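# Structure assessment
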Amino acid sequence: MREQFEMHYFGPLELTRRILPRMRTRGAGVIVNVTSLAARFPVPFMSGYSAAKAALGGFSAALALELTGTGVSVVDLQPGDIHTEFHGVMRRIEPGDYGAAMARVEKVLERDCSAGPPPALVARAILRELNRPTPRRTVGGFLQSKAAPLAARVLPWRAMLWLLRRYFGIDQH
């Protein structure tokens, strides 16, 4: 958990701390934080990753408010599954009592990552967002960039958990 927060939360905070004073002095700049759709849709058995990305998203939103009128803006880009080696190289936890559920989740993650758009989509989105007055937050396929954010806005949390359990094939006991 600490490693996840060091990498995905404290690292970007330190970079922001170092560059923000110069941006404020100049009266211009854009801070781009690449969080994840997992910040709003937690991924089972990746709680550290989801929590760290959610923390960075919260920081990005608060910082955007604090920088109002300074000429510095903040982009919180939340990619869905992108076709990279991400899932293949991540460290796994010991399955313990969750073996079957973890295997089902892993299968979904591998499927979604394999079917995801290429990393160039995220790079193009960052370039586009650098000049957009109201940045878009999510990039990816239709389900992840359009349907999921809409569901997050309109469905109650309980319904979201139900949908996530069904999506990842986690049995409800």
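Remember, predicted model here, so these are calculated numbers, not experimental data.

### Observations regarding the pattern of salt bridges
Under the counting rule described, the total for this entry stands at 3 salt bridges. Of the charged contacts, one joins R17 and E14 as a salt bridge, the two residues approaching to 2.6 Å between their closest N and O atoms. Pair noted here: R17 and E14 are both in helix α1 (residues 2-26), with a separation of 3 residues, about one helical turn. Residue E14 is classed as partly exposed on the basis of its relative accessible area, which comes to 29%. A salt bridge links D112 to R111; its shortest N-O distance comes to 3.0 Å. With relative accessibility at 11%, the residue D112 sits in the buried group. Owing to a relative accessible area of 45%, R111 belongs among the partly exposed residues under this scheme. Overlapping salt bridges, with partners in common, bring together E14, R17 and R18 in one network.

### A word on a nonpolar patch on the surface
Together, L150, V154, L155, W162 and L163 line one region of the surface with nonpolar side chains, adding up to about 450 Å² of accessible area. Elements represented by at least two residues in the nonpolar patch include exactly α6 (142-154) and α7 (157-168). Mapped onto the secondary structure, L163 falls in helix α7. Residue classification places L163 among the partly exposed residues on the basis of a relative accessible area of 37%.

### With respect to the side chain of S36
Position of S36 relative to the elements: it lies in the loop between β1 (29-34) and α2 (47-66). Residue S36 is classed as buried on the basis of its relative accessible area, which comes to 7%. There is a polar contact of 2.9 Å between the side chain of S36 and the backbone nitrogen of A38. In this view, S36 contacts Y49, K53, L77, Q78 and P79; residues no more than four positions away in its chain are not counted.

### Structural notes on the packing of α1 against α2
Where α1 meets α2, the closest approach of the two axes is 7 Å, and the angle between their N-to-C directions is 20°. By the criterion of interaxial angle, the relationship of α1 to α2 is roughly parallel. Of the residues in α2, those touching α1 at Q4, F5, H8, Y9, P12, L13, T16 and L20 are G48, Y49, A51, A52, K53, A55, L56, F59 and L63. A class-by-class count of the residues in the contact of α1 with α2 yields 12 nonpolar, 4 polar and 1 charged.

### Some details on the nonpolar core
F41, V43, M46, L109 and F168 are the most contacted members of the largest nonpolar core, which totals 14 residues. Mapped by element, the contributors of at least two residues to this core are α4 (99-115), α6 and α7. If we skip the residues at most four places from it in the chain, V43 touches A38, S50, L109 and F168. Within the second largest apolar cluster, 7 residues are counted, among which are L20, M23, L63 and V74.

### Quick word on α6
Across its 13 residues, α6 extends 17 Å between first and last C-alpha, which sits within 8% of the 18 Å expected from 1.5 Å per residue. Bending of α6 peaks at approximately 30° at the position of A148, with proline P149 no more than four residues after it. Those residues of α6 lying buried are Q144, S145, A148, P149 and A151.

Rules of the game
- Counting of residues starts from 1 at the beginning of each chain's written sequence and follows it residue by residue.
- Owing to the predicted nature of the model, reporting of local features is limited to residues with pLDDT of at least 70; listing and counting of side-chain atom pairs is limited to 80 or more, with chain, interface and lining totals taken over all residues.
- Side-chain metrics in this entry use all non-hydrogen atoms of the structure; hydrogen atoms and water are not considered.
- Salt-bridge detection follows one rule: a side-chain nitrogen of Lys or Arg within 4 Å of a carboxyl oxygen of Asp or Glu.
- Only DSSP runs of H or I with at least four residues qualify as helices, and only runs of E with at least two residues qualify as strands; both kinds are numbered from the N terminus onward.
- Here's how the labels work: a residue is buried when its accessible area is under 20% of the maximum for its type, exposed when over 50%, partly exposed in between, all with a 1.4 Å probe on protein chains only.
- Within the patch definition used here, like charges are joined within 9 Å and nonpolar side chains (Val, Leu, Ile, Met, Phe, Trp, Tyr) within 5 Å, considering only residues with over 30% relative accessible area and no salt bridge.
- Surface exposure here means Shrake-Rupley accessible area, sampled with a 1.4 Å probe, where a residue is shielded only by the protein chains that are shown.
- Two N or O atoms count as a polar contact when they lie within 3.5 Å, although within protein this holds only if one can serve as hydrogen donor and the other as acceptor, and sequence-adjacent residues are included solely when both atoms are side-chain atoms.
- Residues are treated as being in contact if the distance between any of their heavy atoms lies within 4.5 Å.
- Here an angle of 0 to 180 degrees is reported between the N-to-C directions of two axes, which are lines fitted to C-alpha atoms, with helices fitted over the stretch in contact.
- Any angle that falls under 35 degrees is termed roughly parallel, while one over 145 is termed roughly antiparallel, one within 65 to 115 roughly perpendicular, and all others oblique.
- Note that Gly is not counted as nonpolar here; it falls among the polar residues with everything else outside the nonpolar set of Ala, Val, Leu, Ile, Met, Phe, Trp, Tyr, Cys and Pro and the charged set of Asp, Glu, Lys and Arg.
- Nonpolar cores were defined as sets of buried Ala, Val, Leu, Ile, Met, Phe, Trp, Tyr and Cys residues, with membership established by side-chain atoms within 4.5 Å.
- What a helix should span is 1.5 Å times the count of its residues minus one.
- Take the seven residues that end at a residue and the seven that start at it, fit an axis to each, and the angle between those axes is the bend at that residue.

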